[in-house]
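Here's the letter readout for the chains.
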Amino acid sequence: MISTIKGDITGLDFDMIVNAANAHFARGGGVCGAIFAKAGPELDAFCAKLPKGKAGDVRISPAFGLPSKAILHAVGPIYEGTKENAQALAGCYWNCVAMAYQYKREHDLERLSLAFPCISTGIYGYPHEAACDIAVRTIRKIRSAFPDTKSIDIIFVCYEQIDYELYKKALKEL
Ligand code: ADP
């Protein structure tokens, strides 16, 4: 199932949530700040030990004070309008599903819910519509290339009304 809801990604009980991370995997603003605040200082300590990444990279951490099983930290691109930005944003979604699938297998889970924020569309400036298009297309692509990943339920959690409208429309067209 692929769905969208409007709300705060830290407020619901998803198996895994994705953080719109920076390349240092450090506490930041926006959704990143909200996730770190609710997860607690253990998350800062854990992430401080992670090797620095580049746009498109994803690292996993425990969820600490959050109800989820784990957090996937995806480094979104800082928008400059390049092809590389689009590839990196697609890479975030692709790599998160791949890592969630690996986790699901390792833990012998039947299904897993994976919640995404609208990566890069806040402080990093990615245009909402283009980012939504990449997110939805990438999820469709990985599900069609690897049908077993359909056992992962995808939820696009939109904090802003504009994103919620875009995702509702994009998912209706699926
Ligand atoms: P980035 O640096 O990747 O742009 P931001 O956190 O600034 O990250 O923004 C990414 C998206 O997350 C934006 O659409 C923003 O509205 C949204 N957002 C901010 N806070 C939350 C939250 N608590 N839950 C879900 N989404 C959020």
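Sequence order as written defines residue numbering, which begins from 1 separately in each chain. Where totals are concerned, whole chains, interfaces and linings use all residues; where local detail is concerned, this predicted model gives features only for residues with pLDDT of at least 70, and gives and counts side-chain atom pairs only at 80 or more. Note that water and hydrogens are dropped before the side-chain values are worked out from all heavy atoms of the structure.

A. The arrangement of the site of the ligand in detail. Note on definitions. A residue lies near a molecule or strand when any single heavy atom of the residue is within 4 Å of it. Taken together, 16 residues surround the ligand, and among them Val31, Thr121, Gly122, Ile123 and Glu160 come closest. Contact between the ligand and Asp8: a nitrogen atom at 2.9 Å from a side-chain N or O atom of the residue. We define a polar contact as two N or O atoms separated by no more than 3.5 Å, with the added condition that, inside protein, one atom must be a possible hydrogen donor and the other a possible acceptor, whereas residues neighbouring each other in sequence contribute only through side-chain atom pairs. Interatomic distance of 2.8 Å between a backbone N/O atom of Ile123 and an oxygen atom of the ligand. Every accessible area reported is derived by Shrake-Rupley at a probe size of 1.4 Å, with residue values counting cover from the shown protein chains alone. Protein burial of the ligand: of its 560 Å² of free accessible surface, 93% is covered by the chains. A pocket, in this scheme, is an open set of points on a 1 Å grid over the protein atoms alone with protein on both sides within 12 Å along at least 5 of 7 lines, while a cavity is a set where a 1.4 Å probe fits but cannot get out; residues line either one if an atom lies within 4 Å of a point. Put plainly, a molecule is in a cavity or pocket when over half of its atoms are within 2 Å of the grid points there. Of all the cavities here, the one that holds the ligand is the largest pocket. Among the elements that line the shell around the ligand, the one with the most residues is helix H1 (residues 30–39), at three residues. In this classification, Asp, Glu, Lys and Arg are treated as charged, Ala, Val, Leu, Ile, Met, Phe, Trp, Tyr, Cys and Pro as nonpolar, and every other residue, Gly included, as polar. Across the shell around the ligand, the residue classes break down as eight nonpolar, five polar and three charged. Segments assigned H or I by DSSP are reported as helices when at least four residues long, segments assigned E as strands when at least two residues long, and all are numbered from the N terminus.

B. Quick peek at the layout of surface pockets. Grid points are joined across faces, edges and corners, and a volume is the space filled by probe spheres set on the points. Estimated volume of the largest pocket: approximately 520 Å³. Every residue lining the largest pocket is counted, 25 residues in all, and those nearest its centre are Ala20, Gly30, Val31, Cys32 and Gly122. For the lining of the largest pocket, the secondary-structure elements that each account for two or more residues are strand E2 (16–21) and H1. No other element matches the four residues that H1 contributes to the lining of the largest pocket. Within the lining of the largest pocket, the residues separate by chemical class into 13 nonpolar, nine polar and three charged.

C. Region of the structure containing helix H4 (residues 128–145). Given the number of residues in a helix, its expected span is that number minus one, multiplied by 1.5 Å. With 18 residues, H4 ought to run about 26 Å at 1.5 Å a step, and its terminal C-alpha atoms sit 26 Å apart, in line with that. Inspection of H4 places His128, Ala131, Cys132, Ile134, Ala135, Val136, Thr138, Ile139, Ile142 and Arg143 among the buried residues, and these make up the whole buried set. Three exposure classes are used, based on accessible area relative to the maximum for each residue type with a 1.4 Å probe and protein chains only: buried under 20%, partly exposed in between, and exposed over 50%.

D. Local environment of the sheet that holds strand E6 (residues 152–158). The pairing criterion for strands is at least two bridges between them, as found by DSSP. A sheet is described by the order of its strands in space; here six strands give the open sequence E1-E6-E5-E2-E4-E3, paired in mixed fashion. Edge positions in the sheet fall to strand E1 (2–6) and strand E3 (58–62), since each of these pairs with one other strand and no more. Strand after strand, the sheet turns through a mean of 25 degrees between neighbouring axes, direction not considered. Across five bridges, E3 lies against strand E4 (residues 70–75) in antiparallel orientation. Paired with Ser61 across the strands is Ile71, a residue of E4. Across the face of the sheet, H1 comes into contact with E2 and E4 while running at roughly 130 degrees to E2. The contact definition used throughout considers only heavy atoms, calling two residues in contact when any of these lie within 4.5 Å. A fitted line through C-alpha atoms serves as each axis, taken over the contacting stretch for helices, and the angle formed by two N-to-C directions is quoted from 0 to 180°. Along the sheet face, helix H3 (residues 83–106) touches E2, E3, E4, strand E5 (112–116) and E6 and points at about 155 degrees away from the line of E5.

E. Inspection of the pattern of salt bridges at higher detail. A pairing counts as a salt bridge when a side-chain nitrogen of Lys or Arg comes within 4 Å of a carboxyl oxygen of Asp or Glu. Considering all chains together, one arrives at five salt bridges under this definition. Here Asp15 and Lys69 are joined by a salt bridge, their closest N and O atoms 3.9 Å apart. You can see Asp15 sitting in the loop between E1 and E2 and its partner Lys69 sitting in the loop between E3 and E4, a full 54 residues away along the chain. Classification of Lys69 as partly exposed rests on a relative accessible area of 40%. Close ionic contact of Asp153 with Arg111 constitutes a salt bridge, the shortest N to O distance being 3.0 Å. Here Asp153 is found in strand E6, whereas its partner Arg111 is found in the loop between H3 and E5, with 42 residues between them in sequence. For Asp153, a relative accessible area of 17% puts it in the buried group. Accessibility expressed as a relative area gives 42% for Arg111, which makes it partly exposed.

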